[in-house]
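# Observations on chain architecture
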Amino acid sequence: MLQRQSTGELLRAITLLRLCRYNAIVDRSEQLMDGTRRTVGKAAFEATMRHTVYGHFVAGEDLASIQRVAARLAKDNVDCMFYVHVESDEGEAYSDAQSLATLHEQNKDLMLEATDSAPANSNIQVKMTGIASVPLLVDLTNAMRESSLLPTSDRASLAEVARNPDSLSSIPRDVAEKHSGAIRGIQRRLHQLAEHAAARNAFVVIDAEQTYFQPAIQRLVLPVMLRWNAKSRPLVYTTVQGYLKESEARIQECLDLFEQENSRFALKLVRGAYMKQERSRAEAMGYESPICESAEHTSRVYNGIARTMIERASQDAATLMLATHNLESVQLAMAQMEARNITNDDRTKVSFAQIYGLADYLTSDLASNGYVTCKSTPSGPIDGVLGYLARRAQENNSVFARNHTESKHLWKEIIRRFSARSKKPATPAV
């Protein structure tokens, strides 16, 4: 993969990775980008971004840009995860519920379009806040916590929603009465995305988001997974963040549920992208932080979940997408796959994922050794992805500070090019 990049792109990657090691820059990355835009103006800011951080981490502004990246990745036997970046937040204002529903329908249609444009076996990455309002998800999460309702609780009601997307049986009554139309709309969109992916031999990967509404996301997604995840070919993945203290317990609950329902649990396992926000919110609101105390604690949880999932994958009970830039986690997973006789190319059991613009050396090594590997590749307007870019820096800050492997690989490729050029025989004088 590195050999297909220009020398300028390699040098840009080295510069950005070095900048991401500095806390002063990473912690204020979103404010710095916003301040720069106000200072130099929109046109100059966007031109700069296209040649720097946006150009490195984002495919471009439209689906065609992801298609170009997907074609390039395919040359190295790497799959593409199509990520049309759409999301909303708590502070976003809309004139009425119908306007919000229209926006969510438009976002869903963009995701369907991405599915249509994707090659076979592609993953379609879905952010729930693009098709559901944050206030609704917060209301549902609060109601679940007040009634001690876990995402996996009441198996019969989850199975009912799996059969009938218009059913509200899995939703606490007060929330169902308040948001009935919106909830039915979310459930229908999720089933439409899954049905569309099934018809086009693709997969749907639902992202994890912040803990104060993630339980609602799980509650809404699990029935879709129960319906569409056949034992032989799971179609819909949920995402769990390894930096959460409760993640191991939640995984075991899901595995038990899917075993009881004779379905297959498909998981994308990430370390997590909202650490700063989660800790700040917990401190401000006076509750215990849900985040592991240290990077070492996070790695123990992450690797422990991966071990459990690989064991269950070997029994045809689960499917794992290991999303990581951590070489140690990858090596541990590879060893566990070998010990359990899981072949490298069996995507129904284990696959790997990295973010576009990060750990290309790792992606390349995995793909060249026959492992199913993909790149999460976003598209979207520059103004719409500033939060995404800031989270990428924050998520990987501690990794960059401790690990210089990626920069070493980038420099190695640059040196190889100049060495090859210097060894090229001189053209004889005429």
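Below you will find a few notes about this structure. (Residues numbered from 1 in each chain as written. Predicted model: local features only at pLDDT ≥ 70, side-chain atom pairs only at ≥ 80, totals over all residues. Heavy atoms only, no water.)

### Focus: the overall build of the chain
- When helices and strands are counted, the chain shows 19 helices and 8 strands.
- Relative to the 2.2 N^0.38 estimate, which gives 22 Å for 430 residues, the radius of gyration of the chain is 22 Å and therefore close to what a compact globule would have.
- In the chain, 78% of the contacts between residues at least 6 apart in sequence involve partners at least 24 apart.
- Counting every atom, the chain has about 19,100 Å² of accessible surface; 50% of that belongs to carbon and sulfur. (Helix = DSSP H or I, 4+ residues; strand = E, 2+ residues; numbered from the N terminus. Rg over C-alpha atoms; globule rule 2.2 N^0.38 Å. Contact = heavy atoms within 4.5 Å. Areas by Shrake-Rupley, 256 points an atom, 1.4 Å probe, with all protein chains shown as cover.)

### Describing the pattern of salt bridges
- For the structure on display, the rule yields 28 salt bridges.
- Put simply, D34 and R38 hold a salt bridge, and the shortest N to O gap is 2.5 Å. Of the two residues, D34 and R38 both sit in helix α3 (residues 29-40), 4 residues apart, roughly one turn of that helix.
- For R38, a relative accessible area of 62% translates into the label exposed.
- As a salt-bridge pair, K375 and D360 come within 2.8 Å of each other at their nearest N and O atoms. With K375 in strand β8 (residues 373-379) and D360 in helix α17 (residues 360-368), this pair connects stretches of sequence that are 15 residues apart. D360 shares its class with K375; the two are buried.
- Ionic contacts of the salt-bridge type, sharing partners, join the residues D34, R37, R38 and D383 into one network. (Salt bridge = Lys/Arg side-chain N within 4 Å of Asp/Glu carboxyl O. Buried < 20%, exposed > 50% of the residue type's maximum accessible area, 1.4 Å probe, protein only.)

### Some details on the environment of T308
- Here T308 shows up in helix α15 (residues 295-314).
- For the pair formed by T308 and A318, sequence separation is 10 residues and the distance between their alpha carbons is 9.6 Å.
- Discounting chain neighbours no more than four positions away, the residues touching T308 are Q252 and L255.

### A word on helix α12 (residues 214-228)
- Relative to the 21 Å expected for 15 residues at 1.5 Å per residue, α12 spans 21 Å between its end C-alpha atoms, a close match to the ideal helical length.
- A bend of about 30 degrees at V221 is the largest found in α12, and the proline P223 appears one to four places after it.
- For α12, the buried fraction is high: 14 of the 15 residues fall into the buried class. (Expected span 1.5 Å × (residues − 1). Bend = angle between axes of the 7 residues up to and from the residue.)

### Digging into the packing of aromatic side chains
- Scanning the model with the defined rule gives 5 aromatic pairs in all.
- Aromatic side chains Y83 and Y388 sit 5.9 Å apart centroid to centroid with 65 degrees between the ring planes, which places their arrangement in the edge-to-face category. Taken together, the positions of Y83 in strand β1 (residues 79-84) and Y388 in helix α18 (residues 386-402) put the pair 305 residues apart, joining distant regions of the chain. In terms of burial, Y83 and Y388 fall into one category: buried.
- With 5.6 Å between their ring centres and 90 degrees between their planes, F352 and Y371 make a pair best called edge-to-face. Residue F352 is found in strand β7 (residues 350-355), and its partner Y371 is found in the loop between α17 and β8; the two are separated by 19 residues along the sequence. Each member of the pair, F352 as well as Y371, carries the same accessibility label: buried.
- Between R281 and the ring centre of Y212, over which it is positioned, the NZ or CZ distance is 3.7 Å. (Phe/Tyr/Trp six-rings, centres within 6.5 Å; stacked < 30°, edge-to-face > 60°. Lys NZ or Arg CZ within 6 Å of the ring centre and 35° of its normal.)

### Quick word on the pairing of strand β2 (residues 123-126)
- In β2, alternate side chains face the same way, and those of N123 and Q125 on one face and I124 and V126 on the other are all buried.
- Bridge count for β1 against β2 is 2 bridges, and the pairing is parallel. Directly across from F82, in β2, lies its bridge partner I124.
- Pairing between β2 and strand β3 (residues 203-206): 4 bridges, direction parallel. Bridging from a neighbouring strand, N123 pairs with F203 of β3. (Pairing = 2+ DSSP bridges.)

### Let's talk about unusual backbone geometry
- Even without being a glycine, N121 presents a positive backbone phi close to 70 degrees.
- Within the secondary structure layout, N121 lies in the loop between α7 (97-117) and β2.
- Phi at D316 takes a positive value of approximately 60 degrees, unusual for a residue other than glycine.
- Of note, D316 is situated in the loop between α15 and β6 (318-323).

### So, the side chain of E278
- Following the sequence through the fold, E278 ends up in helix α14 (residues 275-285).
- Filtering out sequence-adjacent residues up to four positions away, E278 remains in contact with Q210, T211, Y243, P290 and I291.

### Digging into the packing of α15 against helix α16 (residues 327-339)
- It is the contact of α15 with α16, at a shortest axis distance of 10 Å, that shows an interaxial angle of 20 degrees. With respect to α16, the element α15 is oriented roughly parallel. In this structure, α15 crosses over α16, and the sense of that crossing is right-handed. Contacts between α15 and α16 pair Y302, N303, A306, R307 and I310 from the former with S329, L332, A333, Q336 and M337 from the latter. (Axes fitted to C-alpha atoms, helices over the stretch in contact; angles between N-to-C directions. Parallel < 35°, antiparallel > 145°, perpendicular 65-115°, else oblique. Left-handed = near helix turned anticlockwise from the far one by under 90°.)

### A closer look at the pairing of strand β4 (residues 236-241)
- Summarising burial for β4: 6 of the 6 residues are buried, a large majority.
- Going residue by residue along β4, you find V236, T238 and V240 tucked away on one face and Y237, T239 and Q241 tucked away on the opposite face as well.
- By the bridge criterion, 2 bridges tie β3 to β4 in an arrangement that is parallel. Within the sheet, the bridge partner assigned to V204 lies in β4 and is V236.
- Remark: the β3/α12/β4 crossover connection has right-handed handedness.
- Across 4 bridges, β4 lies against strand β5 (residues 265-270) in parallel orientation. Each residue of the ladder has a partner; that of Q241, found in β5, is V270.
- This β-α-β element, β4 to helix α13 (residues 247-260) to β5, shows right-handed connectivity. (Right-handed = clockwise from strand over helix to strand, strands pointing away.)

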